[in-house]
Every structure is written in C-alpha cells, then in structure tokens.
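Chain and residue survey
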Amino acid sequence: MQSLQTVYDNLEKIDRVDATTSAIYRQSAQEVLADPEISLEWRKAICDRLNQVNHDLTVHYVVDDDSY
C-alpha cells in the first residue's frame with residue numbers, strides 16, 4: 001500500500017491525470033477508508049478530499065444530460 005500522505009496528495013491532482021490513473025487514485029483512497037486500522041484522522045482527511053474532488057469534477061465535467 002502507498003503511504004497515506006501519497007494517497008492524500010494523489011487526490012489533489014486527480015483532475016490532471018488520465019482516467020486509468022484517476023481510477024487507481026480513487027481505489028487507493030477507498031482502500032484507506034475501508035481499513036479500520038488506519039487512524040480516524042487520516043481516514044477523515046482522505047474522505048474529505050475525495051468528496052471535494054468528486055464535487056469539483058462533477059461541477060466542471062458533467063453537462064446537463066450527463067449522469068455521474
């Protein structure tokens with residue numbers, strides 16, 4: 001597994017990578033969120049960043065007839 005800092009940092013640049021890399025970054029974040037041995041502080045930080053990224057991508061890339 002990647003370091004928690006790397007997972008967190010990768011989410012920051014998710015809008016600047018290709019779809020495959022974006023999916024890998026999201027999967028890494030989901031693995032962190034699902035691991036109860038990772039501190040709540042880290043899981044919350046990664047969850048917050050993932051939610052923000054999802055929101056930003058939805059606002060910038062989804063047009064009226066698209067579904068997310």
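The structure under discussion appears in the preceding block.
Every value quoted in this text rests on a predicted model; they were computed, and no experiment measured them. (Residues numbered from 1 in each chain as written. Predicted model: local features only at pLDDT ≥ 70, side-chain atom pairs only at ≥ 80, totals over all residues. Heavy atoms only, no water.)

Quick notes on the overall build of the protein chain
Check the secondary structure of the protein chain and you find 3 helices and 0 strands. The proportion of buried residues among the 68 residues of the protein chain is 24%. Counting contacts in the protein chain only where the partners sit at least 6 residues apart, residues at least 24 apart contribute 54% of the total. (Helix = DSSP H or I, 4+ residues; strand = E, 2+ residues; numbered from the N terminus. Buried < 20%, exposed > 50% of the residue type's maximum accessible area, 1.4 Å probe, protein only. Contact = heavy atoms within 4.5 Å.)

Observations regarding the nonpolar core
Membership of the largest hydrophobic core is limited to 11 residues, which are Val7, Leu11, Ile14, Tyr25, Ala29, Val32, Ile38, Ile46, Leu50, Val53 and Leu57. Going through the elements one at a time, helix 1 (4–12), helix 2 (19–34) and helix 3 (40–61) are the ones with two or more residues in this core. For this core, the leading source of residues is helix 3, giving 4 residues. If sequence neighbours within four positions are ignored, Leu50 has contacts with Leu11, Arg26, Ala29, Gln30 and Leu33. (Core = buried A, V, L, I, M, F, W, Y, C linked by side-chain atoms within 4.5 Å.)

A short note on the pattern of salt bridges
Applying the stated criterion across every chain, the model contains 3 salt bridges. In this structure, the salt-bridge partner of Lys44 is Asp48, at a minimum N-O distance of 2.9 Å. Pair noted here: Lys44 and Asp48 are both in helix 3, with a separation of 4 residues, about one helical turn. (Salt bridge = Lys/Arg side-chain N within 4 Å of Asp/Glu carboxyl O.)

Some words on the packing of aromatic side chains
Under the definition given, this model contains 1 aromatic pair. When the ring of Tyr8 is compared with that of Trp42, the centres are 6.2 Å apart and the planes differ by 75°; the resulting orientation is edge-to-face. Here the residue Tyr8 occupies a position in helix 1, and Trp42 occupies one in helix 3, the gap between them amounting to 34 residues. By relative accessible area, which is 23% here, Tyr8 ends up partly exposed. When the ring centre of Tyr8 is taken as origin, the NZ or CZ atom of Arg49, which lies over that ring, is 3.7 Å away. (Phe/Tyr/Trp six-rings, centres within 6.5 Å; stacked < 30°, edge-to-face > 60°. Lys NZ or Arg CZ within 6 Å of the ring centre and 35° of its normal.)

Let's talk about the environment of Lys13
Residue position: Lys13 is located in the loop between helix 1 and helix 2. Sequence separation between Lys13 and Val53 is 40 residues, and the spatial gap between their C-alpha atoms is 9.1 Å.

Concerning helix 2
Because an α-helix packs 3.6 residues into every turn, residues spaced three or four apart end up facing the same way. Between its first and last C-alpha, helix 2 extends 22 Å over 16 residues, near the 22 Å set by a 1.5 Å rise per residue. For helix 2, the full list of buried residues reads Ser22, Tyr25, Arg26, Ser28, Ala29 and Val32. Taken end-on, helix 2 shows its buried residues confined to a sector of 155°, consistent with a single buried face. Those residues of helix 2 that are exposed and angled more than 90 degrees off the buried face are Ala19, Thr20 and Ala34. The backbone nitrogen of Thr20 has a side-chain oxygen 3.0 Å away, supplied by the residue at the start of helix 2, namely Asp18. (Expected span 1.5 Å × (residues − 1). Arc of directions from axis to C-beta. Polar contact = N/O pair within 3.5 Å; in protein donor to acceptor, adjacent residues only side chain to side chain.)

Purely spatial values, then, with no claim about function.
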